[in-house]
Amino acid sequence: MARETAAYELEQGDVELPDTGRPVIRSTRGVISSGHYLTSMAGMRILLSDGNAFDALAAAGLAAAVVEPIASYSLAAEGVFMLYDSASGDLLSLSGQGGAPGKASLGFYQSQGLERIPTGPGKQAHLSFTVPGIVDAFIAMLERYGSLPFDEILAPAIEYAERGIPNYEYMLERLKSPSTPVQFDHYPPGGWDVFFDKKQVPAAGSLLVQPGLANTLKAMSAAAKDQDRLAGLQAARNKFYRGSIAKTLVDGSARVGGLLSMDDLANYQSQFSPPVSSSFEGYEISGHDTWTQGPMLQQTLNILEQFDLRTIGHNSPEYIHTVTEALKLVFGDREAYYGDPEFAEVPIDGLLSKAYAVERSALIVPERALPEQAAPGEPWRFSNASSIAPARKGAAQASHGVTDPSSAEGTTHVSVLDNHGNMVCSTISGGAFAKSVFFPDLGCALSTRIEMFNCEPGHPNVVEPGKRPRTTLINYIVSKDGKPVMTIGCPGGDNQAQANLQLVLNVLVFDMDPQQAVEAPRFASQNVENSFYPHVYLPGQLDLEPGIPESTAEALAAKGHVIARTANCGLGATVSVRDPHTGNLSTSGDPRRSCYALGL
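Residues numbered from 1 in each chain as written. Predicted model: local features only at pLDDT ≥ 70, side-chain atom pairs only at ≥ 80, totals over all residues. Heavy atoms only, no water.

Visitor: In this structure, what is going on with the overall build of the chain? I would like to understand it.
Guide: When helices and strands are tallied, the chain shows 20 helices and 21 strands. Taking 25 Å as the expected radius of gyration for a compact globule of 600 residues, we find that the chain reaches 23 Å, a close match to that expectation. Each of the three principal axes of the chain carries a C-alpha extent, and together these read 65 × 60 × 50 Å. Across the 600 residues of the chain, 63% fall into the buried class. Once local pairs closer than 6 in sequence are excluded, the contacts in the chain between residues at least 24 apart make up 74%. Charge centroids of the chain, computed over 44 positive and 65 negative side chains, lie 4 Å from each other. (Helix = DSSP H or I, 4+ residues; strand = E, 2+ residues; numbered from the N terminus. Rg over C-alpha atoms; globule rule 2.2 N^0.38 Å. Buried < 20%, exposed > 50% of the residue type's maximum accessible area, 1.4 Å probe, protein only. Contact = heavy atoms within 4.5 Å. Lys, Arg positive; Asp, Glu negative; His and termini not counted. Charge placed at Lys NZ, Arg CZ, Asp CG, Glu CD.)

Visitor: So what exactly am I meant to see when it comes to the side chain of Thr-448 here?
Guide: Within the secondary structure layout, Thr-448 lies in the loop between strand 13 (444–445) and strand 14 (476–480). Discounting chain neighbours no more than four positions away, the residues touching Thr-448 are Thr-119, Ala-125, Ser-128, Phe-129, Lys-435 and Ser-436.

Visitor: Sorry, what's going on with the sheet that holds strand 17 (residues 541–544) here?
Guide: Strands belonging to one sheet form pairs held by backbone hydrogen bonds; the direction of such a pair is parallel or antiparallel. Strand order in the open sheet formed by three strands is 16-17-18, and the pairing between neighbours is mixed. Looking along the sheet, the strands with just one partner apiece sit at the ends: strand 16 (523–525) and strand 18 (562–565). Averaged over all neighbouring strand pairs, the angle between strand axes comes to 25°, with direction disregarded. By the bridge criterion, three bridges tie strand 16 to strand 17 in an arrangement that is antiparallel. (Pairing = 2+ DSSP bridges. Axes fitted to C-alpha atoms, helices over the stretch in contact; angles between N-to-C directions.)

Visitor: So what exactly am I meant to see when it comes to the nonpolar core here?
Guide: For soluble globular proteins, the rule of thumb is that nonpolar side chains tend to be buried together. Counting 87 residues, the largest nonpolar core has Leu-75, Phe-138, Met-141, Phe-150, Leu-217, Met-220 and Val-416 as the members making the most contacts within it. When residues of this core are assigned to their parent elements, the largest contribution, 13 residues, is made by helix 2 (residues 53–67). Apart from the residues within four sequence positions on either side, Phe-138 is in contact with Leu-57, Ala-58, Gly-61, Leu-62, Tyr-73 and Phe-81. Leu-297, Val-330, Val-478 and Ala-499 belong to the second-largest nonpolar core, a separate cluster that totals 57 residues. (Core = buried A, V, L, I, M, F, W, Y, C linked by side-chain atoms within 4.5 Å.)

Visitor: Please explain the sheet that holds strand 3 (residues 78–85) as it appears in this structure.
Guide: Taken together, seven strands build an open sheet; the order of strands is 7-4-3-11-10-2-21 and the sheet is antiparallel. Across the chains shown, the open sheet's two edge strands, defined by having one partner strand only, are strand 7 (271–273) and strand 21 (596–599). Pairwise comparison of adjacent strand axes, ignoring direction, gives a mean angle of 10° for this sheet. Pairing analysis gives three bridges linking strand 4 (residues 90–96) to strand 7, with the strands arranged antiparallel. Bridge pairing in strand 7 links Leu-94 to Phe-272.

Visitor: Would you mind showing me how to read helix 20 (residues 550–558) here?
Guide: Each full turn of the α-helix corresponds to 3.6 residues, which orients residues three or four apart in the same direction. Those residues of helix 20 that fall on the buried side of the exposure criterion are Thr-552, Ala-553 and Leu-556. An end-on view of helix 20 places all buried positions within 100° of arc, on one side of the element. Exposed residues lying more than 90 degrees from the buried face of helix 20 are Ser-551, Glu-554 and Ala-558. Where helix 20 is buried, its residues meet helix 15 (317–337), strand 17 and strand 18. A positive phi of about 110° marks Gly-560, the residue just after helix 20. (Arc of directions from axis to C-beta.)

Visitor: Is there a simple way to think about the pairing of strand 18 in this case?
Guide: Looking along a regular strand, one sees side chains alternate from face to face of the sheet. Looking at chain direction, strand 17 and strand 18 are connected through four bridges and run parallel. The residue bridging Gln-541 from the neighbouring strand is Val-562, located in strand 18. The handedness of the strand 17 to strand 18 crossover, carried by helix 20, is right-handed. (Right-handed = clockwise from strand over helix to strand, strands pointing away.)

Shown next, in the form of structure tokens:
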């Protein structure tokens, strides 16, 4: 049943508050939403300067590296993009996910006695550095679709880093994590002198100045300045991937024992590609290929088409059970078949086959939860690709040694729609303080996403030089009658696929507006080996946010779910919509985090 749109104009004598804590942000000219108000303002400044959605997203994404480092996002990390350019009609996936360095072979890790590739907190974090990809992705996007000079786009980020920003509560709470100081001490000096005040968590409102990061950003800006737009972008790229920034980065990596080389950086290129798409409820859902966990959403929607979700009812015990059991089946396929399709043959047509989904849906038992990691199906029978027997992982081993929760709350998301009809979103991540190495002269930490590979010969996601790890980063564009109408994204590791699925269902099945969709309580299964080291596996566990009633939790427990309460099941969600009839724009901000949306 659809929820009624909330009324936000409260008058004296009203007896009910709106059903969301924030209003939908609406505009006719442009909207932006991100993980922090200063990040959103960086993009809005560009829109106000007549930049387009791509210019604004790049400015916001670069600023986020300054404003949101505690969100496990770094200038030396990665991101994934979905974009639509109205002038050309391009609807594309853009990979800014860096690959494994040239020295990062299976043989190397086996020679170190490693079955899985470690990260921090610990002294082997340097073994998991990936090639930084996000800077090249921003530049590649701007070369094709941008309109402003790169030094203008860098200006808000430089200002934030050089002049400083006020420390804010979300960041400071995460600096209290016991793992961050430990990791700084493992690789001194770490970020002690940048983010702490004499080794104490600073006060809210105190100034955070980041001189190393300012210098890195200014070096790119100086290279781009006083040249035409395209030449400036190329000069900035060369500075980061071949010049002084690259040398600082590679020298820092070598100093701590990392595998990155100058050739790794010089040879890196972000990649545009056609999206992976499928249909649901008369809409086309477009996302990334199996170098991400992106097709999980389309696979799960295909399964859920076999159920009458409207009648079952939003967030009822039966609804949560059905969606969760479908996700468990798809997690089984993710673990067996997903990997970089440039290095492994993946039966993507079989995985997305509607007939395969019908077969898989029959495995869902209405009154009984699957208590362990699901076995994969047989999508090769539904594929036109070569019929080969894929390497399959053995049963996951239960692990209750959960890591520090604050270290897993990384990643941020930015979405921009403009009045030209363009829409673009990016989920950007990597360089967590507790997992990586912070280099003060660079001003940031490197991504450790090599941890997402395995060391199983023949597996689609086995580590190989140049290969992209099967990243958890994902986002989507939804189209109606061939016209893109919505972007969707939500940070949260393995919870991303689950949260994005719920956002899609909230909008397309239950008719929620963008703010209702992101504020609705979420749930997430932990019944799969986690993508992040140490790959914790919690058989049967189903996390529920506080907004889901205890009576619902009890009903789910009766079906065999192991119920755990958690503050969030993905945080930083955004739904951004273009009304196909009026062209009006709307977006949302997730109150689970310091997210803010702005309209022009």
